[in-house]
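Survey of secondary and tertiary structure
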Amino acid sequence: MKTILTGLRVNSEPTLGNYLGAVLPMVRLANAYKADHNINIFVPDLHSIISKVDGNLKKNIFRSIKIYFAAGLEPNENVHLYRQSYVPAHSELCWILECNASMGELSRMTQYKEKSEGKASVNAGIFNYPVLMAADILLYGAEYVPVGEDQFQHLELTRNLAMRFNNKYGREIFIPPVKTEDQLKFMGVENGIRIRSLTDPERKMSKSSRAENSKIMMLDDPEVAAKKIMSATTDSVGKIQYDMFNQPGISNLLQIEALVNNIPLQDVVSTWAGETRYGDLKQKVASSVKSMLEIFQARMKEIPDETVLEYLEAGEEYANFVSKAKLLEVQNAVGLR
Ligand code: AQP
């Protein structure tokens, strides 16, 4: 069976960007493909500690699993939920891959540049985490990795590391994830999803941003979230149209409206064509986001911790079994075994 895999860092609660860019696409694919695909949804707890952790990491881990169920994930024997730090092969393979990755290629990663920009000191985890991400993917031969647009460069790195390793050892040890264009086709989208900051729409909505009004957190009071949409930065063009280059604020709102209601962007754009009143668009998007958050937050409360733990323990048994076998193959190739 082919594998679809994704993960969401738990350094803090997710934003609407994480939800629309990564959680919802994964849940939709999981529900559609679970009969004949492995669906690996893991909690990248080791990735999470590269940033400051807000709140309690253990609680954040449980909350992260609940988020997938609240988004509509249907349990199934092929759906595997696990914590990265409970599966040691991730860290072990990471080291071996580190020894096959170059400082040059890692320093070209946009995420590294953005996360280290303007900082006097940057931890080595921020530099190395794309290699751990490659290990997360290659251990399970995951060909499809639904992520937001910001992570596509890391998927390309994963492909390169896999192919380099296979060439070096003369056999197909790793299955590389499919190319970005094929990832997009599989996700059923033309471009990667990138939800923008509400206050600075040139940038992506980011959970670590200090500007509270720039981001909607999935556990924000729905009224507060609606107010953040109402105060979103727009422009002075005076036309409601999708033009991410010249009107990123308005385009971002149109994109949010489409994704929250699961309707094609083109349909939303047509509905608003010819309209000029930005306030009306904001009202509509604010109301869509508010309703979505109310339903989502009510569902979050329905899932007990005990159920989450049962799923995690079962998933970790599966993940350890699969990953240990792949790690042994790698260790044999390198000569460690
Ligand atoms: N703004 C976004 N729009 C669409 N997708 C996004 N993702 C992140 N931001 C957006 C996608 O969410 C998934 C999980 O991301 P993550 O939490 O593992 O790490 P991140 O990319 O570092 O997320 P943030 O919000 O940007 O966190 P901080 O501010 O801490 O760095 C990924 O699939 C990502 O593409």
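Preceding this paragraph is the structure being described.
To start, this report covers the structure provided alongside it. (Residues numbered from 1 in each chain as written. Predicted model: local features only at pLDDT ≥ 70, side-chain atom pairs only at ≥ 80, totals over all residues. Heavy atoms only, no water.)

Quick look at helix α4 (residues 89-98) now. Most of α4 sits out of view: seven of its 10 residues are buried. Here α4 has its buried residues at A89, H90, L93, C94, I96, L97 and E98. Contacts made by the buried residues of α4 are with β3 (79-83), α7 (124-138), α8 (152-169) and α14 (305-334). (Buried < 20%, exposed > 50% of the residue type's maximum accessible area, 1.4 Å probe, protein only. Helix = DSSP H or I, 4+ residues; strand = E, 2+ residues; numbered from the N terminus. Contact = heavy atoms within 4.5 Å.)

As a further point, take the layout of surface pockets. Space inside the second largest pocket adds up to approximately 770 Å³. Among the secondary structure elements, those contributing two or more residues to the lining of the second largest pocket are α1 (16-33) and α11 (248-261). A per-element tally of the lining of the second largest pocket places α1 first, with five residues. Looking at side-chain class alone, the lining of the second largest pocket contains 14 nonpolar, five polar and five charged residues. When residues are assigned to domains, the lining of the second largest pocket turns out to be shared by domain 1 (2-188 + 304-334) and domain 2 (212-300), each giving three or more. (1 Å grid on protein atoms, 1.4 Å probe; cavity = no way out; pocket = protein on both sides within 12 Å on 5 of 7 lines; lining within 4 Å. Points joined across faces, edges and corners; volume = space filled by probe spheres on them. Nonpolar A, V, L, I, M, F, W, Y, C, P; charged D, E, K, R; others polar. Domains from an automatic or database assignment.)

One can describe the packing of helix α10 (residues 222-230) onto helix α13 (residues 278-300) by two numbers: an axis separation of 8 Å at closest approach and a directional angle of 155°. Here α10 lies roughly antiparallel to α13, going by the angle between them. Handedness of the α10/α13 crossing: right-handed. On α13, the residues that touch P222, E223, A225, A226, I229 and M230 of α10 are G279, K282, Q283, V285, A286, V289, K290, L293, E294 and Q297. Of the residues in the contact of α10 with α13, the class split is nine nonpolar, three polar and four charged. (Axes fitted to C-alpha atoms, helices over the stretch in contact; angles between N-to-C directions. Parallel < 35°, antiparallel > 145°, perpendicular 65-115°, else oblique. Left-handed = near helix turned anticlockwise from the far one by under 90°.)

The next subject is the pairing of strand β2 (residues 37-43). Judged by how many residues are buried, β2 sits mostly within the fold: seven of seven residues are covered. Across the two faces of β2 the burial is the same, with H37, I39, I41 and V43 and N38, N40 and F42 all buried. Where strand β1 (residues 2-7) and β2 come together, six bridges link them in parallel fashion. By the bridge assignment, I4 is partnered in β2 with I39. This β-α-β element, β1 to α1 to β2, shows right-handed connectivity. Here β2 pairs with β3 via five bridges, running parallel. Bridging across to β3, V43 finds its partner in R83. (Pairing = 2+ DSSP bridges. Right-handed = clockwise from strand over helix to strand, strands pointing away.)

Time to look at α13. Taking 1.5 Å as the rise per residue, α13 with 23 residues should run 33 Å; its terminal C-alpha atoms sit 32 Å apart, in good agreement. Along α13, the residues that are buried comprise Y278, L281, K282, V285, A286, S288, V289, M292, L293, F296, Q297 and M300. Elements that come into contact with the buried residues of α13 comprise α1, α3 (57-70), α10, α11 and α12 (265-272). (Expected span 1.5 Å × (residues − 1).)

Looking now at unusual backbone geometry. Excluding glycine, a negative phi dihedral is what most residues carry, and trans is how most peptide bonds are arranged. Of note, N262 is a non-glycine position whose phi angle comes to about 55°, a positive value. Tracing the backbone shows N262 in the loop between α11 and α12.

Here we come to the pattern of salt bridges. Counted according to the given criterion, the structure contains 16 salt bridges. K66 is the partner of D305 in a salt bridge, and the nearest nitrogen-oxygen pair spans 2.6 Å. One end of the pair, D305, is in helix α14; the other, K66, is in helix α3, and 239 residues separate them in sequence. The class of D305 is partly exposed, set by a relative accessible area of 38%. The shortest N-O distance in the salt bridge between R159 and E156 comes to 3.9 Å. With a gap of three residues between them, R159 and E156 both fall in helix α8, about one helical turn apart. Here the salt bridges do not stand alone but share partners, grouping E223, K290 and E294 into one network. (Salt bridge = Lys/Arg side-chain N within 4 Å of Asp/Glu carboxyl O.)

The next thing to look at is the site of the ligand. Taken together, the neighbourhood of the ligand is formed by 21 residues, with K115, D150, S206, K207 and S208 sitting nearest. Between R9 and the ligand, the recorded distance is 2.9 Å, taken from a side-chain N or O atom to an oxygen atom. The contact in question runs from an oxygen atom of the ligand to an N or O atom on the side chain of K115, over 2.4 Å. In the complex, the protein chains occlude 96% of the 640 Å² of accessible area that the ligand would expose alone. (Near = heavy atom within 4 Å. Polar contact = N/O pair within 3.5 Å; in protein donor to acceptor, adjacent residues only side chain to side chain. Areas by Shrake-Rupley, 256 points an atom, 1.4 Å probe, with all protein chains shown as cover.)

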